[in-house]
Every structure is written in C-alpha cells, then in structure tokens.
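# Inside the fold
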Amino acid sequence: MADLTASGFSACPACDAAPLAQRLADRAEVAQGTVILSLPTAHCATCITDVETALTAHPGVRNARVNLTLRRVTVDAPGLAADDLIPVLAGVGYEAHELDPDALSATTADRQGRDLLMRIGVSGFAMMNIMILSVAVWSGAESATRDLFHWISGAIALPTVFFAGQPFFRSAWAAIRVGRLGMDVPISLALILASAISVYETMESGHHAYFDAAAMLCFFLLIGRYLDHRTRAIARSAAAELTALEVPRAALLLDGAEQTVPVASLRPGDLIRIRPGARVPADGQIVEGRSEIDRALLTGETLPVLAQPGQMLSAGEVNLTGPLTLRVTAAGRDSSLARLTALVEAAEAARGRYTSLAERASRAYSPSVHLMALCSFAGWIWATGDLRLAVNIAAAVLIVTCPCALGLAVPAVATAASGRLFRRGLLIKDGTALERLAEVDTVVFDKTGTLTLGRPTLVSADPLPTDLRPVARALAQASAHPLSLALAAALTDEPADLSEVTEHPGFGVSARWQGRLVRLGRADWLGVADHEDRPTSATWLAVEGQTPVRLEFTDELRPGAADCVARLRKAGLRVVLMSGDRPAAVADLAARLGIDDHRAAVDPQGKEAMVADLAAQGARVLMVGDGLNDTAALARAHSSISPASALDAARVASDMVLTGSDLVPVAEAVALARLATRRIRQNFAISIAYNIVAVPLAVAGMVTPLIAALAMSLSSITVTLNALRLRD
Amino acid sequence: MEMLSILIPVSLGLGAAGLVAFIWALRSRQFEDPKGDAERILSDKWDDRPKPD
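Scope of this entry: the structure provided in the associated data block. Note that the coordinates shown come from a computational prediction; the quantities given were computed from them, not determined experimentally. (Residues numbered from 1 in each chain as written. Chains lettered and ligands numbered in written order. Predicted model: local features only at pLDDT ≥ 70, side-chain atom pairs only at ≥ 80, totals over all residues.)

## Side note on the overall build of chain B
Helix and strand counts for chain B stand at two helices and zero strands. For chain B, the C-alpha radius of gyration of 18 Å lies well beyond 10 Å, the compact-globule estimate for 53 residues. Structurally, chain B occupies a C-alpha span of about 55 × 25 × 20 Å along its principal axes. Within the span of chain B, comprising 53 residues, buried residues form 2% of the whole. (Helix = DSSP H or I, 4+ residues; strand = E, 2+ residues; numbered from the N terminus. Rg over C-alpha atoms; globule rule 2.2 N^0.38 Å. Buried ≥ 20, exposed ≤ 12 C-beta atoms within 10 Å, placed from the backbone.)

Quick look at the structure:
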C-alpha cells in the first residue's frame, strides 16, 4: 500500500515538470456543472452559513455545501463557472479560489479510508462481544458452558477475521508471490493459525481458545493501518489542492478571436495571447508585442529581461508589461520544462531509495518471529512428542509477538507530528520525509522566491525630490510592472495630473506634466548609464530639463527568513545560500541574514552538482527552493522543502510544501522531525520490551489467552499514548 | 444458567445494532467533514424545520 500511495508524488517529479498532458489523461469523474472552490479563510459556523446562504441565493445555483475539514465548497450550478461565483463570495467577504476538479481525484482515497473504517468497526464489535464471553471463561466457566461460549466466540470471530483481515491477507499474498517476507506475512499466519487452532480446541472441548486474540489483532492493526492511510490522504488531498489551484489554461487565437483552452491541447504552430502578469504556457517565438519578462522561476534572476518580436520565450516565464502574441514552437512534453526531465530523473536515481525505520524494523522482525515460532514448535515436539501442544505453543508465540505495537509505533507518531506541522503551515508529502529531515545537518537555501518574496520594494524615497513624488506616483500607477507597483505602493502623495500617459511595453511609461515630458523606465531608454554591479534593481525617473533620478529597489525578505536562519544555525546546522542571481545581490542578502557560505550565478546543473558534492562529503542536505532551476537539486537532496508559491515541478520534486508565507516552520520542522524520530525509536523500544517479557513465557508454554490479550492491548495503548505526547 | 439463553442473544443483538448504525453512518458519508459538523450545530439556520432536500 505504501508504494502505491507514494507513487502519486515521488515516482516521477520530472513527469510533472513536463506539463500537464497526463493530468488530462487521468481525469477523475466529476459531475457536470459542479464547481469546487477553495476557501482558505473559512473557519467557523458563521462562515459555513454565510457562504452557503450567499451561494444558494445566487440565481442558477442549485445547491452549495461547505466542507470545513477540507476548507472547500462544492457548488452544484449547471451553466455557471467559477468566475461567476468567486465575486459572489468576495461580496460577503470570503476569499475563494477555483480548484481544478480534474486534479482533485480524491474520491478513490476516500473510498479506501471508508473501507478501512468499516473493517475497524466490524472487528471492534467482534472484539468487544467476544471479550465479554472470554471474561466469563477466564473467571472459571466450566465444561459445557465454556464450550458454548467458545462456539459463540468462534461464530463471531471467524467471519470477522475473514472480513477484517483481508487487507493483511492480500498484502501478505502479494509479498509471498514475489518471494519477500513483509510484516503482513506473520500477521496473516498468526490470524489463520489462531483461528484454526481455536476451532480445533473448541471441538475437542479444550481449555484455551484464542478467538478474542484474533479479533483484537485485527482491531489494533487496522487502527495503525487507518492512521497511516489518513496521514497520507490528508497530505495528498492538500497537495492535490495546491496543484489544482493552477488551472492550466491558455488563450488561443483562432482567426483573430481569443479562446480559452487547456494548455495540454496546444500544438506547435498555434498562436497564443499572453496577457501582462500571466505565465508563458508553452515555448514559442514572439510574433507581436513588446514587454519585459520575469525569468526568476527559471533562472533565479531578479532583473526583468526585455522581450520583443523574434525572441524565443520558455514556458514558466512571466510576462510583465505588454500583451504578447506567441507562436508555439514546442508544447507539452517537448517544451523546455521537459528538458529538465533527464536532470531530475538522474538526480532522483543518485539519491537512492531511503529505507525507513519501520522497514528496517520489519526486516529484522519477520524472519526472527518465524524462526522463534518454528523453534518452539520443534522444541516441544522433541521434548513431549505432543503435536497438539506444540502447535498451540507455536500459535501463542506468533500471537504474542504480533506487531500490534510495532504496527502502531510509526503511524501514530507520524499522524501526531504531521498534524502538528500541518497546523503550523507545512505539508508532508512523503512517508519517510520526517525521518530524513531529522538526519539533516546542512541546509541549502535558494534566494529569489525562497528567502525573499521575489517582490521588489523601494529602498528609500529620499533620492526623489518632494515636488516630483506626485509625478512619480502618477506614472507608476499607469503600469502593472512590478517595479511600478512597488513604487506606487511606497509613495503616499496625491498623484499629479498628467496628460498623454502612454506605456511603452518593455521600456517604461511616459507622459506630459505641466507641459514637460516625464518618463519612468529603463536606464537605456532614458539614455543614462546604470551601475549594473549594485545589489539592487533600479528604475529611473526623467523630467525634461532636470537630471534623471535613480530609484533603487530591493527584493523583500520573506517573513521569518532571518529568524529561521538564526534558529537553524543555533540548532548547529550549516546554512548555505545558493542562487542563480548576480553576485552583488546574493552577497548583500547573505550579509543581511548572517550567512557566511554563499554562492552566486549557479546554473541548475551547478546547483545539483553542489548538493551532490556536499552529500559526497558526508553532509545530509536539506534543500529549500522554489524555482525550476532548483528542481534537480531538490530531487537530489536528502530532504527538500518548497514554498507553495513555487512552480508545480519544484513542489512535486520536494518532500514538504510550505503552505504559508512564513519561513519559521522550516526551522520548527527540523526540530519536530528530530523529536518524532526519537519518539518512534522509543515506541520500538517499548514494543521490544513487551516482547522480551512475553516471548519467553510463550515459548515456555505459560501464555494463556488472558496474558496474550493483556500484553497486546497494554503495549498498543502505551505506544499510542507515547505518540500523542507529540501533539501541541 | 437459563438466563444465558436470553442474555447472550440480547447482548449480541445490542452490539449488532450498534454495528449496523455505524455502517449506516459510514455509508451515508457522515464522517466526511467532522470539523464542519461540529460547527454546524451552532448555526440556528435550520432550527425550526429541517433543510429541504
């Protein structure tokens, strides 16, 4: 089961780096006319009522149901689209985002969870009823009464084991067929042997029957299974939600008319329109329009690049100022995103498969349990020649050693720890992620978009004369360029009255102010020389007859970045900064955060090589990054985290996703992962301690069904309580 | 001891009733949104009459 569920993420991050084609291939069945919206701010009863009332009052909506656990609302509204409903919710004060129903194929996971719950319910019922009868037997019921109770217990236990034990039988059979001994082989053996021997003992009117043990085994082991499943399902549905947030669409130009189509349906030769602020959906050549392009996610550069007809663009870049018309040269699996495929696959293979604590434990456990049961069987045959007694003792050994505690040891801790991290804003996508994170001793950060928000802010308005500030604000408001937005946000003056405002995509904005020409834009457009080696981005304001003014911008730090770095260093971890940006910008940020070890102008291959190099020196690297240029390094690193703002490909390649904008949870996660791993080891120690007491008794033939029941339930409960100490 | 012939079926019957109720709740998807259900009880929207389907 573990392999099956994990493959959704980690088997091939590169496949997801190559766009979206396969996403359309495995479409889930979604009812026509159903819109699913994410409600990140909903949290209480009033929210539910507000949202449902507002939506049902909207004409065309048949039904709306909020799921507060998932923070989603499902709207049954034939003929309406998300764009019609989002303003309705915004009107009552709720932020809503469209979710791609195709990417949310959560229905299969739900069915699996319900199936497990049903088996838990059935085995719980059986266990309790058999226990009532067993208590009577333990307290001394004799002859005919005892036999009757055994028969009734058997009548309940046999169908229960048959029904509730199926997950174990199935996976044990799968393991045996490929010649392995999983955890489930001894479990299945214990279940079958316990039931068979109890039936025989009952027919022979014997003293001991293990029907209660069989039902109890099913119950506790299924709880472990369910916890495991739920942790994965929650992580998966949240990760699927992140993916679903980016509904992959492109504006296709057909005979001059714009048409919205799925990105996966683009073909080379298609003409597409890219609006300012939109991400380039496929590789292509600019046919028409002028603009600036933000390549931060692909290369880590913070400075926008000029784009004009004839130039090639790569998928993943962001168009900043003017609308562009693009002729698609490569789409889907052929695009430049897909070129990273080989790199990421190689990196994954180089990292190798991680063997989790649970796997290591079960590898030691299965053979030793089988061996012990076999030895006690052989020993008792040799000593007494009594086959019935020997089989009874072998069954007792199997039942007592059955890994109730072992089966709960890891999932109980993982559930508690991932629940706590989820509330702090960190999503765990991979089962072994916590254990790997606990071993980390070096943290490598990307700069743009990870330690910084990738969003410029004005360093200071001081160079700007007071009388020019209204002009600067008015010019800045005329453009959607990130630097303009930052400038407009930083100035508070009343905008000046301008005429003839024109945006020159790719260059800047010009206008007339009191009869004079005023311009805001690139240095080369205004005809001034800029100092390229400064750590900041810049734009210039030129007023006719006055010297142009240089306005400096710096990339804003992500909240908690300084705190996070300080905490990691305090915890004794080595912190490295690695970026594709210019040396001056990287050195400046490193100085601000107190990171001594920083490297600039590193290309994607370089990043991966550097991580591999660190690993070769014996370091366990945690890579934190968001861009396509980080993807290979993320896949190569021992453990990896990416922010939710990262590209799909980077998120898929990493083990954990940061859902909020704060970086502090990264430092907390490292501490919590170490604590969780310690708890898992403690749990193993507890269950081994129980076995050290119980196994000799079983081998000596002194275990009665009462002792088996006590050992089993006590160890399971201790382990669960120990795990619960992790909750906050 | 004759009481057993009544008590055992009764205890099994009660247990089975609980199991059937659990299975019904599971089948009708009442465990899909535990947090929402805990909050919905605070809303007085459908206090007077049940929500029409």
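Still more ground to cover, so stick around.
## Here we look at the pairing of strand β18 (residues 508–513) of chain A
Look at any regular strand and the pattern is simple: side chains alternate between the two faces of the sheet. Residue and element names in this part refer to chain A. Of all six residues making up β18, five are buried, and the element is well covered by its neighbours. Pairing geometry for strand β17 (residues 499–504) and β18, over four bridges, is antiparallel. Within β18, the position partnered with H504 by the bridge is G508. Linking two consecutive strands that pair antiparallel, namely β17 and β18, is a turn of three residues; a positive phi of about 95° is found at G506 within it. As defined by bridge partners, β18 adjoins strand β19 (residues 516–521) across six bridges and the pair is classed as antiparallel. If you follow A511 over to β19, its bridge partner there is V518. The antiparallel hairpin formed by β18 and β19 contains two residues in its connecting segment, where Q514 sits at a positive phi of about 50°. (Pairing = 2+ DSSP bridges.)

## Focus: the sheet that holds strand β26 (residues 656–658) of chain A
All names here are of chain A. With mixed pairing, seven strands are arranged side by side in an open sheet as β14-β26-β25-β24-β15-β22-β23. Each end of this open sheet is capped by a strand with a single partner; those strands are β14 (426–428) and β23 (597–599). Between one strand and the next, the sheet's axes are offset by a mean angle of 20°, whatever the strand orientation. As paired elements, β14 and β26 share three bridges and run antiparallel to each other. If you follow I428 over to β26, its bridge partner there is M656. (Axes fitted to C-alpha atoms, helices over the stretch in contact; angles between N-to-C directions.)

## Considering the packing of helix α14 (residues 387–401) of chain A against helix α26 (residues 664–699) of chain A
All names here are of chain A. In contact at an axis separation of 8 Å, α14 and α26 are set at 170° when each is read in the N-to-C sense. When the axes of α14 and α26 are compared, the pair comes out roughly antiparallel. In contact with I393, A396, V397, V400 and T401 of α14, α26 contributes N691, A694, V695, A698 and V699. Residue composition of the contact of α14 with α26, grouped by class: eight nonpolar, two polar and no charged. (Parallel < 35°, antiparallel > 145°, perpendicular 65-115°, else oblique. Contact = placed C-beta atoms within 7 Å. Nonpolar A, V, L, I, M, F, W, Y, C, P; charged D, E, K, R; others polar.)

## Some points on the interface of chain B and chain A
Listed per partner, the contact involves 20 residues of chain B and 18 residues of chain A. Going through the elements one at a time, α1 (4–27) and α2 (34–40) of chain B are the ones with two or more residues in the side of chain B that touches chain A. Per-element tally for the side of chain B that touches chain A: the top contributor is α1 of chain B, with nine residues. Grouping the amino acids of the side of chain B that touches chain A by side-chain chemistry returns nine nonpolar, five polar and six charged.

## Some points on the sheet that holds strand β1 (residues 34–38) of chain A
Residue and element names in this part refer to chain A. The strand order β2-β3-β1-β4 describes an open sheet built from four strands, whose pairing is antiparallel. Of all the strands in the sheet, just β2 (63–67) and β4 (97–98) have a single pairing partner and so form its edges. As judged from the five bridges shared by β2 and strand β3 (residues 72–76), these two strands associate in the antiparallel manner. Directly across from V66, in β3, lies its bridge partner V73. With respect to the sheet, helix α4 (residues 45–57) is in contact with β2 and β3, its orientation differing from that of β2 by roughly 160°.

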